[in-house]
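# Coordinate inspection notes
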Amino acid sequence: MAPSASAADRSFLEQALALAALGEGTTSPNPRVGCVLVREGRVVGRGFHRAAGAPHAEALAVAEAGERSRGATLYVNLEPCCHSGRTPPCADLLVRSGVERVVASCCDPNPLVDGGGFERLRAAGVRVDVGLLAEEARRLNAGFCERHAGGRPLVTLKAAVTQDGMIAALEGRSRWITAPAARRAAHRLRYRHDAVLVGAATVRRDAPRLTVRLPGVRAERLRAILSPRLDLDAGKPPFGEESCERLPRVYVGEGVSEAAVAPFAGRADIVRVPMRRLGHLDLDAVLDDLARLDVLSVLVEGGSRTFAGFLESGSVDRVALFVAPRLLGARGGTPLLDLRSVAEPRGGWRVIAEDRVALGEDVLVMGRISREAERD
C-alpha cells in the first residue's frame, strides 16, 4: 500500500479504476483513465475518459464538482497530464480548481508526462501520493504502458486449442474448436486490441474477415497480415470488406515485385519489411510500423507458424488460450506451435496464468508469458 494510504483511499481508488475500465476499446491511443473527487468523505465528482479528443477524466470530475473541488482529494489511476494536446493540461486544471490532494496509482510513461504532472502539482502545494493499486492500474493500461516504456505495441497471442494442443484437424479444419460463448469472448478480445494480425496461411485457408462482430458494437480495428511472398488472392476476404473504412495492412518481403502488388491496389496497403531469415519477416520491423500508426496493442490470431515466429522473436507479452475439451490427434492436424521442440520441458515457454474464465464447457486462460530458462 502507498504511503499514507487508508482503507478509504483504496475504496475510492478502486472506484476510479472501475470508471477507467468503462473506456474499454474506445480511448486508444490514449490510456483509460477514471477519477473521483472526494470532499469530507463524500464523492462530489466523477469522470472517465471516453475517447481520444474527448474531455479527460479529471476535467469531467472537476466540472461535476464545481466549487466543491476546492479542498477535495482526487483519486485517479494514472498521473494527470502536464502537456497540451487535444485538451489542456489536467495538472494545471487541478491546481486552478483548488484540489488539495491527489492519490494516483502510477506515473504516466509517456515521455511528455512521466512525472511532470506530479512535479507541477507538488510545486503548487498539492499533496501527491503515488503507488496505491499500481499493478492493477498498469494491467488496465498494459498496451499504453508497453508502447511508451518499451517502444512497441503490447502483443497478445490468442488461440483456440484442444486439450492435446491442436488448433486444427485434418487439412486445417478449425471450425469450430470452441463453442459460441468462447467465440463471442474472442470478439471481445478483438475489441480490446487496436490491431488483429494473422499469417498468410490463415488467410488462404479461412478467408477471415478480421472484424469485431459484437451485438450493438461498432468498432474497426487495423487488420494486419504477414505474407512474405504476397501469395494471397486479392479477390477474397479480408480484402474488399465493404464495412471497413481502413484497408488491410499486408507486410511483405522487400523482394516482392510490383507486378505482385498491382492486384491489391485500392484493396490493401502493402508494406515492405526486411526478412529476418529465410521465409520469415522481421517482426521487429512490423511492430515498429504498427507503433508509428499509434497501435498500442496487437492480437495475434494465427496460425501456428505465426505464433512460433512471435514466440521465437521474444515479442509475445501475453497469451489468451481458449481451451476446448476435445482431443484431435497430432498426426495430420495442426499444433499450436509450428517449431522444433525444445530439448527439455524446462527450456520452453511458461504461461503465468492471471485469469481463468469458464465459458460453458470451454476455459479461457489469460496471462503473461516468459521463457523458463530466464528463471534460472
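Throughout what follows, the structure given in this document is the object of discussion. Residue positions within a chain follow its written sequence, with the count starting from 1. Local features in a predicted model are, by the rule used here, given only for residues with pLDDT of at least 70; side-chain atom pairs are given and counted only at 80 or more, and totals for whole chains, interfaces and linings are based on all residues. Note: side-chain values were computed over all heavy atoms of the structure, leaving out hydrogens and water.

In terms of regular secondary structure, the protein chain is built from 11 helices and 18 strands. The C-alpha radius of gyration computed for the protein chain amounts to 23 Å, which stays within 12% of the reference 21 Å derived for 376 residues, consistent with globular compactness. For the protein chain, the spread of C-alpha atoms along the three principal axes comes to 70 × 45 × 40 Å. Relative accessibility decides the category of a residue: with a 1.4 Å probe and only protein chains considered, values under 20% of the type maximum give buried, values over 50% give exposed, and everything between is partly exposed. Expressed as a percentage of its 376 residues, the buried residues of the protein chain come to 51%. For the protein chain, restricting intrachain contacts to residue pairs at least 6 apart in sequence, the fraction spanning at least 24 positions comes to 71%. For the protein chain, the computed accessible surface area is about 18,000 Å², with 48% contributed by carbon and sulfur atoms. Positive and negative charge centroids in the protein chain, built from 53 and 47 side chains respectively, lie 4 Å apart. Here a helix means four or more residues in a row that DSSP labels H or I, a strand means two or more in a row labelled E, and each is numbered from the N terminus. Restricting the calculation to C-alpha atoms gives the radius of gyration, and the globule rule supplies 2.2 Å times the number of residues raised to the power 0.38. Contacts were defined at the residue level, with two residues in contact if any of their heavy atoms lie within 4.5 Å. Here the Shrake-Rupley method, with its probe set to 1.4 Å, supplies the accessible areas, and only the displayed protein chains count as covering residues. Charge assignment in this entry is limited to Lys and Arg as positive and Asp and Glu as negative, and neither His nor the chain termini are counted. Here the site of a charge means NZ on Lys, CZ on Arg, CG on Asp, or CD on Glu.

Remark: helix 2 (residues 57–65) packs on helix 3 (residues 90–97), axes separated minimally by 9 Å, with the N-to-C direction vectors making an angle of 20°. Considering their axes alone, helix 2 and helix 3 lie roughly parallel with respect to each other. Here helix 2 runs over helix 3; the crossing is left-handed. Residues E58, A59 and V62 of helix 2 lie in contact with helix 3, whose contacting residues are C90, L93, L94 and S97. Following the grouping adopted for this structure description, the nonpolar residues are Ala, Val, Leu, Ile, Met, Phe, Trp, Tyr, Cys and Pro, the charged ones are Asp, Glu, Lys and Arg, and the polar ones are all others, Gly among them. Grouping the constituent residues of the contact of helix 2 with helix 3 by class yields 5 nonpolar, 1 polar and 1 charged. Axis definition: a line fit to C-alpha positions, over the contact stretch in the case of helices; interaxial angles, taken between N-to-C directions, run 0 to 180 degrees. For classification, angles of less than 35 degrees are called roughly parallel, those exceeding 145 degrees roughly antiparallel, those between 65 and 115 degrees roughly perpendicular, and all remaining angles oblique. Crossing handedness is read from the near helix: turned anticlockwise from the far helix by less than a right angle, it gives a left-handed crossing, and turned clockwise, a right-handed one.

Next up on the list: the nonpolar core. Formed by 39 residues in total, the largest nonpolar core has its most connected members in L37, L74, V102 and L121. Ranked by residue count, the leading element in this core is helix 1 (residues 7–21), at 6 residues. Sequence-distant contacts of V102, defined by excluding residues within four places in its chain, comprise L74, V76, L94, L121, V126, R127, V128 and D129. Buried residues of nine kinds, namely Ala, Val, Leu, Ile, Met, Phe, Trp, Tyr and Cys, make up a nonpolar core once their side-chain atoms join them within 4.5 Å. By size, the runner-up hydrophobic cluster in this structure holds 31 residues, among which are I167, V286, V300 and L336.

Attention shifts here to the packing of aromatic side chains. Between 30 and 60 degrees the pair is tilted, below 30 it is stacked and above 60 it is edge-to-face, where a pair is any two Phe, Tyr or Trp rings, Trp via its six-membered ring, whose centres lie within 6.5 Å. Applying the stated rule across the entire model yields 2 aromatic pairs. Considering the side-chain rings of F12 and Y75, the 5.3 Å spacing of their centres and the 40° angle between planes classify their relative orientation as tilted. Of this pair, F12 sits in helix 1 while Y75 sits in strand 3 (residues 73–76), placing them 63 residues apart in sequence. Judged by centre distance (5.2 Å) and plane angle (75°), the rings of F239 and F264 are edge-to-face. Taken together, the residues span a long stretch of sequence, with F239 in the loop between strand 9 (222–226) and strand 10 (249–253) and F264 in the loop between helix 9 (258–261) and strand 11 (269–273) at a distance of 25 residues.

Turning to the pairing of strand 8 (residues 195–199), a few remarks are in order. The buried fraction of strand 8 is high, at 5 of 5 residues. Residues A195, L197 and G199 point to one face of strand 8 and V196 and V198 to the other, with burial holding for every one of them. Taken together, the 5 bridges between strand 8 and strand 9 define a ladder with parallel strand orientation. Within strand 9, the position partnered with G199 by the bridge is L226. When the strands point away from the viewer and the connection leading from the first strand across the helix to the second strand turns clockwise, the crossover is called right-handed. As a crossover connection, the stretch from strand 8 through helix 8 (residues 200–206) into strand 9 is right-handed. For two strands to count as paired, DSSP must find a minimum of two bridges between them. For strand 8 and strand 14 (residues 297–300), the ladder comprises 3 bridges, and the chain directions are parallel. In the sheet register, A195 faces strand 14, and the bridge partner there is V298.

Here we come to the sheet that holds strand 11. Read across the open sheet, the 9 strands follow the order 11-10-9-8-14-6-15-18-17; overall the sheet is mixed. Of all strands in the sheet, those with a lone pairing partner are strand 11 and strand 17 (349–359), marking the two edges. Across the sheet, the mean angle from the axis of one strand to that of its neighbour is 25°, orientation sign disregarded. The strands touched by helix 10 (residues 283–292) are strand 6 (154–162), strand 8, strand 9, strand 10, strand 11 and strand 14; relative to strand 10, the strand with the most contacts, the crossing angle is about 150°. Its contacts with the sheet put helix 11 (residues 304–312) on strand 6, strand 8, strand 9, strand 14, strand 17 and strand 18 (362–371), and the angle it makes with strand 6 is roughly 140°.

Moving on, we come to unusual backbone geometry. The omega torsion across S28 and P29 is 10°, close enough to zero to call that bond cis. Here the bond from G302 into G303 is cis, since omega is 0°, no more than 30 degrees from zero. In this structure, G303 sits in the loop between strand 14 and helix 11. The backbone of D114 shows a phi angle near 40°, a positive value even though the residue is not glycine. Inspection of the secondary structure puts D114 in the loop between strand 4 (101–104) and helix 4 (116–123). In this structure, D294 takes a positive phi of about 65° despite not being glycine. Within the secondary structure, D294 sits in the loop between helix 10 and strand 14.

This brings us to the sheet that holds strand 3. If you trace the 5 strands from one edge of the open sheet to the other, you get 2-1-3-4-5, paired in mixed fashion. The open sheet has two edge strands with one neighbour each: strand 2 (42–48) and strand 5 (127–130). Direction aside, neighbouring strands of the sheet carry axes that sit 15° apart on average. Against the sheet, helix 1 engages strand 1 (34–39), strand 2, strand 3 and strand 4, with an angle of about 145° to strand 1.

Bringing the pattern of salt bridges into the picture now. What makes a salt bridge here is a side-chain nitrogen of Lys or Arg within 4 Å of a carboxyl oxygen of Asp or Glu, nothing more. In this structure the tally under the stated criterion is 20 salt bridges. Among the ionic pairs, R139 bridges to D355, the shortest N-O distance being 2.9 Å. Taken together, the residues R139 in helix 5 (residues 134–140) and D355 in strand 17 connect sequence positions 216 residues apart. Owing to a relative accessible area of 41%, R139 belongs among the partly exposed residues under this scheme. The closest approach of N and O atoms between E301 and R190, which form a salt bridge, is 2.8 Å.

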